[in-house]
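# Close look at the chain arrangement
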Amino acid sequence: LEFLMADAVAQGADCVITIGGIQSNHCRATAVTAKYLNLDCYLILRTSKVLVDQDPGLTGNLLVERLVGAHIDLISKEEYAKIGSESLTNLLKEKLLNEGRRPYVIPVGGSNSLGTWGYIEAIREIEQQLQTGTGEIKFDDIVVACGSGGTIAGLSLGSWLSTLKAKVHAFSVCDDPDYFYDFIQGLLNGLEAGVDSRDIVNIHNAKGLGYAINTSEELKFVKEVAAAT
Ligand SMILES: Cc1ncc(COP(=O)(O)O)c(C=O)c1O
């Protein structure tokens, strides 16, 4: 996000557009960062039909986004699937351009080649902290959730390039592993990384019942882990 926002500023944008699920952490971070940079923020948030018709209120990240004055458009999961995130952000971009604005579009999760630098940089920070630390912390594996792919693209490339060489294991929450291997390959190619996504990251299918849908067993497990750690 840091790199994408810098690009927005460098391009002379006066507002940013991004898109994601109703409780997207990426959208919240974008809204707050935009505020710091004096840019307007336009969010397209995907939710159930019921919540599109009745205001979803001030829950979780939505509270923060509304506190910092982000403009919020709600869209049903069905419409989102039909139109696609790229077209949705481009439609809003056209509308804002017609109003004389200078919008900068950030894709879902900030997951493009430029955004990947954020997590390459995160690995550099971890490596630096390990070198300056007491040497007590050692690890061979990094385990993360995968929603839009940028996190694992940056972590796996960074880890592979660095001295860490930790294997990245991703649990994909919304698309199949094959989709992500290909998507991440596109991000890596965009960076001319010269590496095969399948060689640097293990992606496991963790879609379960679907995005943001839990079984009672899963919720019980989360509670047990929370209580025990
Ligand atoms: C807490 C958390 N972890 C991991 C992810 C996955 O990141 P990415 O969208 O880059 O795959 C997300 C977002 O989707 C997230 O909110």
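Structure: above.
Notes on the structure follow.

Thresholds applied
Residue positions are counted from 1 within each chain, in the order its sequence is given. Restriction of local features to residues with pLDDT of at least 70 applies here, the model being predicted, together with a cutoff of 80 or more for giving and counting side-chain atom pairs; totals for whole chains, interfaces and linings are based on all residues. To get the side-chain values, all heavy atoms of the structure are used, and hydrogens and water are removed first. When at least one non-hydrogen atom of a residue lies within 4 Å of a molecule or strand, that residue is treated as near it. Contacts described as polar in this section are N or O atom pairs within 3.5 Å, which, within protein, must combine one atom able to donate a hydrogen with one able to accept it, while residues neighboring in sequence count only if both atoms come from side chains. Working definition of accessibility: Shrake-Rupley area with a 1.4 Å probe, residue cover restricted to the visible protein chains. Throughout, the ten residues Ala, Val, Leu, Ile, Met, Phe, Trp, Tyr, Cys and Pro are labelled nonpolar, Asp, Glu, Lys and Arg are labelled charged, and all others, Gly among them, are labelled polar. Helix numbers and strand numbers start at the N terminus; a helix is a DSSP run of H or I with at least 4 residues, a strand a run of E with at least 2. Contact criterion: two residues are considered in contact whenever any of their non-hydrogen atoms come within 4.5 Å of each other.

### Considering the site of the ligand
Around the ligand, a shell composed of Asn25, Ser111, Ala145, Cys146, Gly147, Ser148, Gly149, Gly150 and Thr151 is seen. Between the ligand and Asn25 there is a distance of 2.8 Å, counted from an oxygen atom to a side-chain nitrogen or oxygen. Separating an oxygen atom of the ligand from a side-chain N or O atom of Ser148 is a distance of 2.6 Å. For the ligand, whose accessible area on its own is 380 Å², the fraction buried by protein is 61%. Tallied by class, residues from the shell around the ligand come to two nonpolar, seven polar and no charged.

### Observations concerning the side chain of Thr89
On the secondary structure map, Thr89 appears in helix 6 (residues 85–98). A polar contact of 3.0 Å, which involves the side chain of Thr89, links it to the backbone oxygen of Ser85. From its side chain, Thr89 meets the backbone oxygen of Glu86 in a polar contact 2.9 Å long. The residues contacting Thr89, other than those within four sequence positions of it, are Ile17, Ile19, Ile44 and Val105.

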